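Report on the structure
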Amino acid sequence: MSGFEGRSVLVLGGSRGIGAAIVRRFASDGAKVLFTYLSSPDDAEVLAAETGSEALRADSGDRDALIALIGSLGPLDVLVVNSGILGAGDPLDIPPDEIDRLFRINIHAPYHAAVAAARTMPDGGRIIFIGSANADRMPMAGLAAYSASKSALQGMTRGLARDFGARGITVNVVQPGPTDTDMNPAEGPLKDVMHGFMAIKRHAKGSEIAGLVAYLAGPEAGIITGAAYNIDGGFAA
Ligand code: NDP
């Protein structure tokens, strides 16, 4: 079953990894899919050609450009904010500008994108943030800013769910655990450490995360809002 025919979907950060899996899922379900990218134009072009979607270059760290872009697209039925960066390292060494940019991409962009989309989103629309299981459990050093940014999405989700609920617009955050992407390769050096925190000791596939996103965007999920969903092999359990 498809189910998204005629629906307009925007995925912020769709050129690679989890975002690309979400683009593929909505495109195969019949949606008209737009996605943004920044540093990977070749991946974006290949994905757009493969899926019949449209790639738009837009930096999630540029607030005003992002708001203007979303305002120019016309009503969106579904907004997925997936773009995010990791910024790992000793907090005593990371330059403050790098932390500010992480917060702009991981916190400010979801907020402003959601508000911009909600201005024209029809009743019953869907806003979905890609957070992280690190919002609930941070068992490693060097990721304080990243985990703070993902915890911020939980409060944002609860608040915006209240703001837009009267229009039937739902707002939820999907929180993956280790997922096989460039950011966190399944065969990377921290594989065994991460699997040690999990009940099901493997990285997720992007398609598994995309499946939960599609469910939350679909007709059976109209009563789910203000919620955070871990999809993490028990990482945060
Ligand atoms: P990747 O680094 O593999 O891909 C990131 C994607 O986001 C790319 O498409 C990239 O586009 C885009 N992106 C990054 N910064 C920007 C920006 N400033 N403007 C526009 N697009 C941008 O990451 P993942 O697929 O692994 O992660 C996706 C999301 O899932 C992130 O929010 C991440 O925090 C979250 N997550 C990932 C986990 C994992 O284990 N992989 C676990 C938990 C959460 P481009 O290359 O074109 O710049």
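Parameters and conventions
- Residue numbering note: each chain is counted from 1, following its sequence as written.
- Since the coordinates come from a predicted model, pLDDT governs what is reported: local features require at least 70, and pairs of side-chain atoms require 80 or more to be given and counted, while whole-chain, interface and lining totals use all residues.
- Hydrogens and water molecules were not included; the side-chain quantities draw on all heavy atoms of the structure.
- UniProt positions are given in the numbering used here, feature names are shortened, and annotations may be inferred rather than shown by experiment.
- For this analysis, a salt bridge means a side-chain nitrogen from Lys or Arg found within 4 Å of a carboxyl oxygen belonging to Asp or Glu.
- The way it works is that DSSP assigns letters per residue, a run of H or I at least four long becomes a helix, a run of E at least two long becomes a strand, and they are numbered from the N terminus.
- Exposure classes here rest on a 1.4 Å probe applied to the protein chains alone. A residue is buried below 20% of its type maximum, exposed above 50%, and partly exposed in between.
- We call a residue near a molecule or strand when any one of its heavy atoms sits within 4 Å of it.
- Between N or O atoms, a polar contact is any pair within 3.5 Å; within protein, one atom must be a potential hydrogen donor and the other a potential acceptor, and residues adjacent in sequence are included only when both atoms are from side chains.
- All accessible areas in this document rest on Shrake-Rupley with a 1.4 Å probe, and a residue is counted as covered only by the protein chains that are shown.
- Three classes are used: nonpolar for Ala, Val, Leu, Ile, Met, Phe, Trp, Tyr, Cys and Pro, charged for Asp, Glu, Lys and Arg, and polar for all others, with Gly counted as polar.
- Between any two strands, pairing holds if DSSP finds at least two bridges.
- When the strands point away from the viewer and the path from the first strand over the helix to the second turns clockwise, the crossover is right-handed.
- Interaxial angles span 0 to 180 degrees and are taken between N-to-C directions of axes, which are lines fitted to C-alpha atoms, for helices over the stretch in contact.
- The cut-offs work like this: below 35 degrees is roughly parallel, past 145 is roughly antiparallel, 65 to 115 is roughly perpendicular, and the gaps in between are oblique.
- What makes a crossing left-handed is the near helix being turned counterclockwise from the far one by less than a right angle; a clockwise turn instead makes it right-handed.
- Any pair of residues with heavy atoms lying within 4.5 Å of one another is described as a contacting pair.
- Any two rings among Phe, Tyr and Trp, with Trp reduced to its six-membered ring, count as a pair given centres within 6.5 Å; such a pair is stacked if its planes are under 30 degrees apart, edge-to-face if over 60, and tilted if neither.
- A ring is scored as having a charge over it whenever the NZ atom of a lysine or the CZ atom of an arginine sits within 6 Å of its centre and within 35 degrees of its normal.

- An unreviewed UniProt entry lists the protein chain under the name SDR family oxidoreductase, with Gluconobacter potus as the source organism.
- Listed under Sequence similarities (unreviewed entry) in UniProt, the entry text for the protein chain is "Belongs to the short-chain dehydrogenases/reductases (SDR) family."

**Topic: the pattern of salt bridges**
- The final tally for this structure, using the stated rule, is seven salt bridges.
- Between Glu50 and Arg24 there is a salt bridge whose closest N-O contact spans 2.7 Å. One end of the pair, Glu50, is in helix 2 (residues 41-51); the other, Arg24, is in helix 1 (residues 17-28), and 26 residues separate them in sequence.
- The exposure class assigned to Arg24 is partly exposed, which follows from its relative accessible area of 39%.
- A salt bridge links Asp59 to Arg101; its shortest N-O distance comes to 3.2 Å. With Asp59 in the loop between strand 3 (54-57) and helix 3 (63-72) and Arg101 in helix 4 (residues 96-118), this residue pair connects regions lying 42 residues apart in the sequence.

**So, the site of the ligand**
- Among the 32 residues in the neighbourhood of the ligand, the closest are listed as Ser39, Ser40, Asn82, Tyr146 and Thr181.
- Within the side chain of Arg16, one N or O atom sits 2.8 Å away from an oxygen atom of the ligand.
- Here an oxygen atom of the ligand and a side-chain polar atom of Thr181 are 2.5 Å apart.
- For the ligand, whose accessible area on its own is 880 Å², the fraction buried by protein is 95%.
- Mapped by element, the contributors of at least two residues to the shell around the ligand are helix 1, helix 4 and helix 5 (144-164).
- When grouped by side-chain class, the residues that make up the shell around the ligand number eleven nonpolar, 16 polar and five charged.

**Quick notes on the UniProt feature "domain: Ketoreductase" (unreviewed entry) in the protein chain**
- The sites that carry the UniProt feature "domain: Ketoreductase" (unreviewed entry) are, in the present numbering, residues 7-179.
- For residues 7-179, the end-to-end C-alpha separation is 27 Å, with 45% helix and 18% strand making up the annotated structure.

**Brief notes about the pairing of strand 3**
- Bridge analysis of strand 2 (residues 32-37) against strand 3 gives four bridges, and the strand direction is parallel. By the bridge assignment for strand 3, Thr36 is matched with Leu56.
- Between strand 2 and its parallel partner strand 3, the chain crosses via helix 2, and the hand of that crossover is right-handed.

**Some words on the packing of helix 1 against helix 2**
- Following both chains from N to C, one finds helix 1 and helix 2 inclined at 15°, their axes separated by 10 Å at the closest point. When the axes of helix 1 and helix 2 are compared, the pair comes out roughly parallel. Both helix 1 and helix 2 take part in a crossing whose hand is right-handed. Here Ala20, Val23, Arg24 and Ala27 of helix 1 lie close against helix 2, whose contacting residues are Leu47, Glu50 and Thr51.
- Counted by class, the contact of helix 1 with helix 2 contains four nonpolar, one polar and two charged residues.

**Concerning the packing of aromatic side chains**
- Summed over the entire model, instances satisfying the criterion amount to two aromatic pairs.
- Plain terms: the ring middles of Phe4 and Phe26 are 5.1 Å apart, the flat faces sit at 80° to each other, and that makes the pair edge-to-face. You can see Phe4 sitting in the segment before strand 1 (8-12) and its partner Phe26 sitting in helix 1, a full 22 residues away along the chain.
- What makes Phe4 buried here is its relative accessible area of 5%.
- Just above the ring of Phe235 sits the side chain of Arg137; from NZ or CZ to the centre is 6.0 Å.

**Some details on the packing of helix 3 against helix 4**
- Look at helix 3 against helix 4: their axes get within 9 Å of each other, and the N-to-C directions meet at 25°. On the basis of the axis angle, helix 3 is roughly parallel to helix 4. Seen along the crossing, helix 3 lies across helix 4 with a hand that is right-handed. Contact residues: Arg63, Leu66, Ile67 and Ile70 in helix 3; Ala109, His112, Ala113, Ala116 and Ala117 in helix 4.
- Residue composition of the contact of helix 3 with helix 4, by class: seven nonpolar, one polar and one charged.

**Let's talk about the environment of Pro139**
- Here Pro139 is to be found in the loop between strand 5 (126-130) and helix 5.
- A C-alpha to C-alpha distance of 9.9 Å links Pro139 and Val193, two positions 54 residues apart in sequence.

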